[in-house]
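# Structural overview for review
Here is how the chains run, residue by residue.
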Amino acid sequence: MLKIYQQTIKNKVTFEGIGLHTGKESKINIIPGTEDQGIIFKRIDLEKDNIVVASYDNVSSAILCTTLKNKKGVKVSTVEHLLAALYVAEIDNVTIEINSDEVPIMDGSAKKFVDGIKKAGLKKLSKKRKYLKILNKVELIDGKRKIFVEPNTTSSFEVNFQLNYKNKIIGNQKNLVNFQTDQLDDICQSRTFCLFEDIEKIKRFGLAKGGSLDNAVVVDKNKILNEGGLRNDKEFVNHKILDLAGDFLLSGYRILGKVICYQGGHELTNMFLRKIFNTEKVFNVIEPVDFKTSKKFDQKELEKIAVNA
Ligand SMILES: [Zn+2]
């Protein structure tokens, strides 16, 4: 069942830890939001121009992580796992205070964020949540990478992801997840990953300064370097699905449609969201009908539901 009303968090929740790319300690406070405000970051280490809205058109860089930047150049990076946690926890409106320019990486997955948010509790707001219902297929091909979205009949957000690595441990992994009906524990627990041979290259770009086996799966040629190995059989592709859900929340909506992605990542997802919003007649913004509170139930309303179901 789709949630009808917007939600926020009931109580403030705090997370702290190291930033994956900056290597700096940072702390975030997620505080309750109001109807229609969306997800907003507030850099509390800065006195002015410190609001950064979590929107796809504020994405300034999407190489290895998703970075948001406001018009004054103030940034917040590595937002995707926190956004994915807000997606899974069904949160629409919150302010995220942050004392640095990077969200803590925690254990490389969304699990700690999801658990903390659920523990803080959810609060139903009075306005209805808007969904973006896909009406026609949209496709983006970029070399070997491809992503498309098509209408589905299940009124849900489905993601079918496939990745293809030369490395034999990662290899070809694919998974199909329905965010409305499937158990999402494996998705939330799946950690970010990299190849051991790429670490030096990444560090030369000044990235992954905070990276370690505590917050990423590291794959050497034929083995996983983390003690205990993988958390689930499809951890690599499941993490990509987690990233995609977080990046899609930057659309400002939950999408009703089926996304199919080959070899994608943050950058492709952002290019794709821009394409969706720049293409005419591919989606409708809808609100689900609340049968419990709708006083009069007329035929016109029924027809609207039938079209949107
Ligand atoms: Zn990730």
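Here goes a summary of the coordinates provided. Within any chain, residue numbers begin from 1 and follow the written order of that chain's sequence. Whole-chain, interface and lining totals are the exception, using all residues; otherwise, since this is a predicted model, local features are given only for residues with pLDDT of at least 70 and side-chain atom pairs are given and counted only at 80 or more. Hydrogen atoms and water are omitted, and side-chain values are computed over all heavy atoms in the structure.

### Here we look at empty space enclosed by the protein
Using only the protein atoms, space was sampled on a 1 Å grid; points where a 1.4 Å probe fits but cannot get out form cavities, open sets with protein on both sides within 12 Å along at least five of seven lines form pockets, and lining residues are those with an atom within 4 Å of a point. Grid points are joined across faces, edges and corners, and a volume is the space filled by probe spheres set on the points. Tallied over the entire structure, the rule returns one cavity of 30 Å³ or more. Looking at the largest cavity, its volume works out to about 50 Å³. Lining the largest cavity are Phe161, Lys240, Asp243, Leu244, Asp247, Gly264, Gly265, His266 and Thr269. Secondary structure elements follow DSSP: runs of H or I of four or more residues count as helices, runs of E of two or more count as strands, with numbering from the N terminus. Of all elements in the fold, only helix 5 (235–248) and helix 6 (266–278) reach the threshold of two or more residues within the lining of the largest cavity. If you tally residues by element for the lining of the largest cavity, the top one is helix 5, at four residues. For the lining of the largest cavity, the class distribution of residues is two nonpolar, four polar and three charged. We call Asp, Glu, Lys and Arg charged. Ala, Val, Leu, Ile, Met, Phe, Trp, Tyr, Cys and Pro are nonpolar, and the rest, Gly among them, are polar.

### Regarding the layout of surface pockets
Roughly 1100 Å³ of volume is contained in the largest pocket. Considering the residues around the largest pocket, the lining is formed by 38 residues, among which Leu64, Tyr165, Phe193, Cys194 and Lys240 are closest to the centre. Going through the elements one at a time, helix 1 (80–88), strand 14 (157–164), strand 16 (193–195), helix 4 (199–204), helix 5 and helix 6 are the ones with two or more residues in the lining of the largest pocket. Its residues assigned to classes, the lining of the largest pocket shows 17 nonpolar, 13 polar and eight charged.

### Quick look at the side chain of Ser190
By the secondary structure assignment, Ser190 is in the loop between helix 3 (185–189) and strand 16. By the criterion applied in these results, polar contacts are pairs of N or O atoms within 3.5 Å in which, for protein atoms, one can donate a hydrogen and the other can accept it, and in which residues neighboring in sequence qualify only through two side-chain atoms. Here Asp186 takes part through its backbone oxygen, which lies 2.6 Å from a polar atom of the side chain of Ser190. The contact definition used throughout considers only heavy atoms, calling two residues in contact when any of these lie within 4.5 Å. Aside from chain neighbours lying at most four places away, what touches Ser190 is Gly108, Ser109, Asn232, Glu235, Asn238, His239 and Leu242.

### A closer look at the nonpolar core
The nonpolar core is taken to be a set of buried Ala, Val, Leu, Ile, Met, Phe, Trp, Tyr and Cys residues, with the residues joined through side-chain atoms within 4.5 Å. Here the term buried applies to any residue with accessible area under 20% of the maximum for its type, exposed to any over 50%, and partly exposed to those in between, with areas from a 1.4 Å probe on protein chains only. Counting residues in each nonpolar core, the largest one holds 72 residues, and the members touching the most others are Ile30, Phe41, Phe157 and Phe179. With near-sequence residues (within four places) excluded, Phe157 lies in contact with Tyr87, Val177, Asn178, Phe179, Gln180, Leu244, Ala245, Phe248, Ile255, Gly257 and Val259.

### Describing the sheet that holds strand 6 (residues 59–61)
At least two DSSP bridges between two strands are needed for those strands to be called paired. Spatial ordering of the open sheet is given by 6-7-8, a layout of three strands whose pairing is antiparallel. Sheet topology places strand 6 and strand 8 (75–77) at the edges, where each strand pairs with a single neighbour. Neighbour to neighbour, the strand axes of the sheet diverge by 35° on average, direction disregarded. Sheet analysis places strand 7 (residues 67–69) next to strand 8, joined by three bridges and oriented antiparallel. Looking at strand 8, one finds that Thr67 is bridged to Ser77. Convention adopted: a line fitted to C-alpha atoms gives each axis, helices being fitted over their contacting stretch, and angles between N-to-C directions are expressed from 0 to 180 degrees.

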